[in-house]
Amino acid sequence: MRDLYDSQRAMRNMRKAAMQRGVIAILDVGTSKIACLVLRFDGPERFRDSDGIGSLAGQSSFRVIGAATTRSRGVRFGEVDAMQETERAIRTAVQAAQKMANVRVDHVIACFSGARPRSYGLDGAVDIAGGVVTDGDIGRVMAAAEVPDYGADRHVLHAQPVNFALDHRSGMADPRGQIGNQLTTDMHMLTVDATVIQNLFFCIRRCDLELAGLASSAYVAGISSLVEDEQELGSACIDLGGGSTGISVFMKKHMIYADAVRMGGDHVTGDISMGLQVPMATAERIKTFYGGVMATGMDDREMIEIGGDTGDWERDRRTVSRAELIGIMRPRIEEILEEVRVRLDAAGFEYLPSQQIVLTGGASQIPGLDGLAAKILGQQVRLGRPLRVQGLPQAATGPAFSGAVGLTLFAANPQDEWWDFDIPADTYPARSLKRAVKWFKDNW
Amino acid sequence: MRPLSAPPRPRAIKDPAPSKWGYRWQRMMLTPGFRIAVRVGTPMILIAVIVGTWTAKPENRALFADHVAQAKAAVQQRPEFMVTDMQVTGADAAIIADVQRVLPVTFPVSSFDLDLEDMRATVAALNAVQEATVRVGEGGALVVEVTPRQPVAIWRAGQTLKLIDANGVFAGVIESRADRRDLPLIAGDGAQTNIDEALALFRAASPIATRVRGLVRMGERRWDMVLDRGQRILLPEEGARAAIDRVIALNDAQDLLKRDVAVVDMRNPARATLRMTTEAANAMRRVSDTGTGE
């Protein structure tokens, strides 16, 4: 726990250093593609006069100056599977983005979707005896939260205070400066497999880059594709990716739950490949061009050439109707959505005041998906696209990039995490000598 | 029939990933400092190497020096820079001849080859020249402006008559006294260093100027004024002017100098002493003998 605290803090410092230098890269390590964006930070006031655009909640402080996407390799279920391959794919994306930006980047903020995220709700309480709540009290109350035993092989990826309560008043965003007797907090902690983080970390290190931050892709996709009132009133973002489907539930502008289903668009492609006896590349092409989930009478007559180069005429001239294709795709999509439904039910999503569900990610572009999802997940379903950020190329504005775009927002103004607050000194008095030594090291 | 040669195999899709070193190279090239070093440093090193290798051979260096000299000469020998004659101004013919003698310049010559300061020093070193300016004037003329020395007296040293100016500096030679009757004559060792005093004495003696032959410096400390008929006025070391005045006053009163006086010794200001010529002394002796004899 302490190690993670330190490493997260080190990453946060590195992120600050990178923002000082003005250039930072965003890396979305997905199962089907790896996207790299290069951001340039040049102050919030830079473009305001000429564009007549407001501050856009702080996003105008940066501009995307390089963007590149490459087919991902060596990644399965949103986790690094073959490190060499992943490293090459990351290099490809980073090099192309650097070339477009014409600037060298040294720091990256990465997100990934897999690693079996698990959410924990924590609460802590501390007595402040009628005083004014200070920064130190916030740190103390978070330190007082009882951390469950989440396993030695797991790391905390996010630990965000989502709610503060002072005596009987709850729902506070920022209790500092207020007077009360007892301060309680609710925290959301997301843990992931430690090995996955380590693999990704080494992949990025092998590309001569420094990791300046890590985020869950479900979380950042939610940041970019949910609009403000959805985040406020309660909503779920379903990020239908290639190898895994991320779920993040937002309430009062905080993520309160995140999970992932280890199925995604690649499994649909695999089903098509197996069902139609075609290579994966062809299956992917057929899925993108003709895919769908709602069959109509017209689809029975629309024949798709599935091709092949075996030299056997009969085999190479095969055709399937679109209805058949939909018949292959739909069960898998349904399975994914059912699984999402199970996860949302387990999280108690139905108790939120608003139950908006936003579908985003590359697989959400299947025609008719919103209709199917409405049947499974509830009536309030919409397709989400990421927020538009400055300088983003048109090619990178689709729903497949909601993770990458969300990561830019995460980089520009991250939420307060546990490690952004100082641990109160009285929690480790035995280490005071160590701290004294550290103070000397830091100052001399 | 099937073609015997195998159909061209479709090439395997090239790995789009850059090699590790290619990636590093690209990142290096995006580093501003390194880029500048490559863009500026490489050509400079290349040029330095080429120049260094070329100049390492002595014949190349000689060739280069030769080219430089030729180019220099081509510029210097242009007609705009050529000097064709010499004009000496502010001097008489004798000095002009002297100047032309000490400046052995063969015309035409490039003005770059003339050392004007050296020439000025040479001209100014001439006795008759007080100051000189040398410049290259219009129309390719070497203009030498000379201020000649003004002789104020003639100094007899042995058999030669030298002209000296107010500072006692030698300013020329004359053949005979008759050449410069307007200048007073001085003689004796150390005479030229006390020229002011001598001139003042000459001015004081202006009432008897027609009779004055010159001044002789005696023992490098005092003057004798030599008159015609071999008369001498011996002047004291100090108060010579007053002594002259006294002699002139005596002359006015008693025609002293018209008499048979050989020497008027004024060295003792309290007592002027006369020495008569031998004949006068004898005559006087006879007269007194006669007078006493009667």
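Residues numbered from 1 in each chain as written. Chains lettered and ligands numbered in written order. Predicted model: local features only at pLDDT ≥ 70, side-chain atom pairs only at ≥ 80, totals over all residues.

Enquirer: Help me understand the overall build of chain B, please; the structure alone is not making it clear to me.
Expert: When you go through chain B residue by residue, the secondary structure sums to 8 helices and 14 strands. Buried residues in chain B amount to 21% of all 294 residues. A separation of at least 24 residues holds for 46% of the contacts in chain B among residues at least 6 apart in sequence. (Helix = DSSP H or I, 4+ residues; strand = E, 2+ residues; numbered from the N terminus. Buried ≥ 20, exposed ≤ 12 C-beta atoms within 10 Å, placed from the backbone. Contact = placed C-beta atoms within 7 Å.)

Enquirer: Mind showing me how you'd approach the sheet that holds strand β8 (residues 154–166) of chain A here?
Expert: Pairing between the strands of a sheet comes from backbone hydrogen bonds, and it takes one of two forms, parallel or antiparallel. Residue and element names in this part refer to chain A. One open sheet accounts for 4 strands, arranged β7-β10-β8-β9; its pairing is antiparallel. For this open sheet the edge positions go to β7 (118–127) and β9 (169–172), each flanked by a neighbour on one side alone. Going across the sheet, the axis of each strand differs from the next one's by a mean of 30 degrees, ignoring polarity. Two strands pair when backbone bridges link them, and β8 and β9 are joined in this way by 2 bridges, in the antiparallel orientation. Residue pairing in the sheet places L166 in a bridge with R169 of β9. This element, helix α5 (residues 194–206), spans β8 and β10 (182–193) of the sheet and lies at about 65 degrees to β10. (Pairing = 2+ DSSP bridges. Axes fitted to C-alpha atoms, helices over the stretch in contact; angles between N-to-C directions.)

Enquirer: What am I meant to see in the interface of chain A and chain B here?
Expert: Quite often, the size of an interface is put as the accessible area lost when its parts meet. With 11 residues of chain A in contact, the opposing surface of chain B contributes 9 residues. By residue number, the principal contributor to the side of chain A that touches chain B is helix α3 (residues 83–101) of chain A, which donates 6 residues. Classifying every residue of the side of chain A that touches chain B gives 2 nonpolar, 5 polar and 4 charged. (Nonpolar A, V, L, I, M, F, W, Y, C, P; charged D, E, K, R; others polar.)

Enquirer: Help me out: how do you make sense of the nonpolar core in this one?
Expert: In globular proteins that are soluble, nonpolar side chains generally tend to be buried together. In this structure, A:A25, A:I26, A:C36, A:L37, A:A97, A:V108 and A:A110 are the most contacted members of the largest nonpolar core, which totals 119 residues. Per-element tally for this core: the top contributor is helix α12 (residues 322–347) of chain A, with 9 residues. No fewer than three residues from each of domain 1 (118–191) and domain 2 (265–329) of chain A sit in this core. Setting aside residues up to four positions removed in sequence, A:V108 forms contacts with A:A25, A:L27, A:I204, A:L209, A:L211 and A:A212. Grouped together as the second largest cluster of nonpolar side chains are 46 residues, B:V123, B:L142, B:F202 and B:L235 included. (Core = buried A, V, L, I, M, F, W, Y, C linked by C-beta atoms within 7 Å. Domains from an automatic or database assignment.)

Purely geometric stuff here, so don't read any function into it on its own.
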